[in-house]
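Spelled out, the chains give:
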Amino acid sequence: MLQDPALLAAAAATFLLAGTVKGVIGLGLPTITLGLMTLLLDLPSAMALLIVPSLATNLWQAAIGGHALDILRRTWPFLLMATVTIWIGALALSRVDLSYLSALLGLLLVAYAAIGLAGFRLSLPPRAVFWSGPLFGIANGVLTGMTGSFMVPGVLYLQALGMPRDMLVQAMGMLFMASTAGLAVALGGNVHIDAELGLASALGLVPAILGMILGRKIRSLLSETRFRLIFFMGILALGLYIAVSTLIA
């Protein structure tokens, strides 16, 4: 990859775009990176490429907010299962046709975009929050290992807890950070990360951070509601394209 200037330029542009979106709405870096880079690379390579930028940016998001202990108290069974089950899903990367897993990624992007456009919010009664956490965590972890996507159904579960906005953003950062770390271990253990991909991922941190700085500036100029609409429409189109193109290939 490092010997291909066009591919490096495409990766840098992808991270710049993904960082910009994250700077505006607080999420979207792994989603956009995976969605676009799977058009150019195989799924495991695209997953490996997002490790360093995703880990670094979500470490910052997870640390800011002052609610870390409260979030851990409320969600530790969910976060634990969402992390430790990633390796189960990652086994599929060497045992299942990658076109099927890419199609699954496309379908998850479609589902995520449809949920966002519909404004759907899962509601859980208080007595169901604790026991349902491990179930949502297992589902999220396995799907993360198979596709690299951290969003479904984990974000739905966190939204169902009724956290204030700042606390929810920090909780999502903690989920994404833990999931990225778990994904890195799983990919490394299954020999899907090599030195070249690791270096390329590290280089992607620079445009990702620049994009986040740009996104923060855009946030003050553009309605977040309108930007979210554009974001979800773009993810919907990208997910449909990935799913359809891989299934009919």
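Scope of this entry: the structure provided in the associated data block. The shown structure was predicted, so the numbers you read here are calculated from the model rather than taken from an experiment.

So, on to the overall build of the protein chain. When you go through the protein chain residue by residue, the secondary structure sums to 13 helices and zero strands. Along its sequence from the N terminus, the protein chain presents helices and strands in the succession α-α-α-α-α-α-α-α-α-α-α-α-α. Here the C-alpha radius of gyration of the protein chain, 17 Å, is about what a compact globule of 249 residues would show, namely 18 Å. With the principal axes as the frame, the protein chain shows a C-alpha extent of 50 × 45 × 35 Å. Evaluated residue by residue, the protein chain yields a buried proportion of 51% over its 249 residues. Here the protein chain displays about 11,100 Å² of accessible surface, and carbon together with sulfur accounts for 72% of that area.

With that settled, the discussion passes to the side chain of T38. Along the polypeptide, T38 turns up in the loop between α2 (29–37) and α3 (43–49). The buried category is assigned to T38, whose relative accessible area is 15%. The residues contacting T38, other than those within four sequence positions of it, are L43, A46, L105 and I242.

Attention shifts here to the environment of A160. Within the secondary structure layout, A160 lies in helix α9 (residues 154–160). Sequence separation between A160 and R121 is 39 residues; the distance between their C-alpha atoms is 6.6 Å. In this structure A160 touches L122, S123 and L124, once residues within four positions along its chain are discounted.

At their nearest, the axes of helix α1 (residues 5–25) and helix α13 (residues 224–248) sit 10 Å apart, and the two run at 140 degrees to each other. Crossing hand, α1 versus α13: left-handed. When α1 is examined against α13, the residues V21, V24 and I25 are found in contact with a partner set consisting of E224, F227, R228 and F231.

In total, this model carries one salt bridge according to the counting rule given. For R73, the salt bridge goes to D70, with nearest N and O atoms at 2.5 Å. Linking R73 with D70, this pair stays in helix α5 (residues 68–84), spanning three residues, or about one helical turn. Residue R73 is classed as exposed on the basis of its relative accessible area of 57%. Judged by relative accessible area, D70 falls into the partly exposed class, the value being 28%.

So, about unusual backbone geometry. The amide bond that connects V152 to the next residue, P153, takes the cis arrangement and shows omega of 0 degrees. Structurally, P153 is set in the loop between α8 (126–147) and α9.

Two numbers describe how helix α4 (residues 51–63) lies on helix α12 (residues 205–219): the axes approach to 9 Å, and their chain directions differ by 45 degrees. In terms of their interaxial angle, α4 and α12 are classed as oblique. α12 is crossed by α4, and the crossing has right-handed handedness. Along its contact with α4, which presents V52, P53, A56, T57 and W60, the element α12 presents L205, A208, M212 and R216. Across the contact of α4 with α12, the residue classes tally to seven nonpolar, one polar and one charged.

On the surface, a cluster of nonpolar side chains totalling about 430 Å² of accessible area is made up of L16, V206, I209, L210 and I213. Residue contributions to the nonpolar patch peak at four residues, all from α12. With respect to the helices, strands and loops of the structure, L210 is situated in helix α12.

Reading the values: the criteria
- Residues numbered from 1 in each chain as written.
- Predicted model: local features only at pLDDT ≥ 70, side-chain atom pairs only at ≥ 80, totals over all residues.
- Heavy atoms only, no water.
- Helix = DSSP H or I, 4+ residues; strand = E, 2+ residues; numbered from the N terminus.
- Rg over C-alpha atoms; globule rule 2.2 N^0.38 Å.
- Buried < 20%, exposed > 50% of the residue type's maximum accessible area, 1.4 Å probe, protein only.
- Areas by Shrake-Rupley, 256 points an atom, 1.4 Å probe, with all protein chains shown as cover.
- Contact = heavy atoms within 4.5 Å.
- Axes fitted to C-alpha atoms, helices over the stretch in contact; angles between N-to-C directions.
- Left-handed = near helix turned anticlockwise from the far one by under 90°.
- Salt bridge = Lys/Arg side-chain N within 4 Å of Asp/Glu carboxyl O.
- Parallel < 35°, antiparallel > 145°, perpendicular 65-115°, else oblique.
- Nonpolar A, V, L, I, M, F, W, Y, C, P; charged D, E, K, R; others polar.
- Patch = residues over 30% accessible without salt bridge, like charges linked within 9 Å, V, L, I, M, F, W, Y side chains within 5 Å.

Everything listed is a geometric property; what it means functionally is a separate question.
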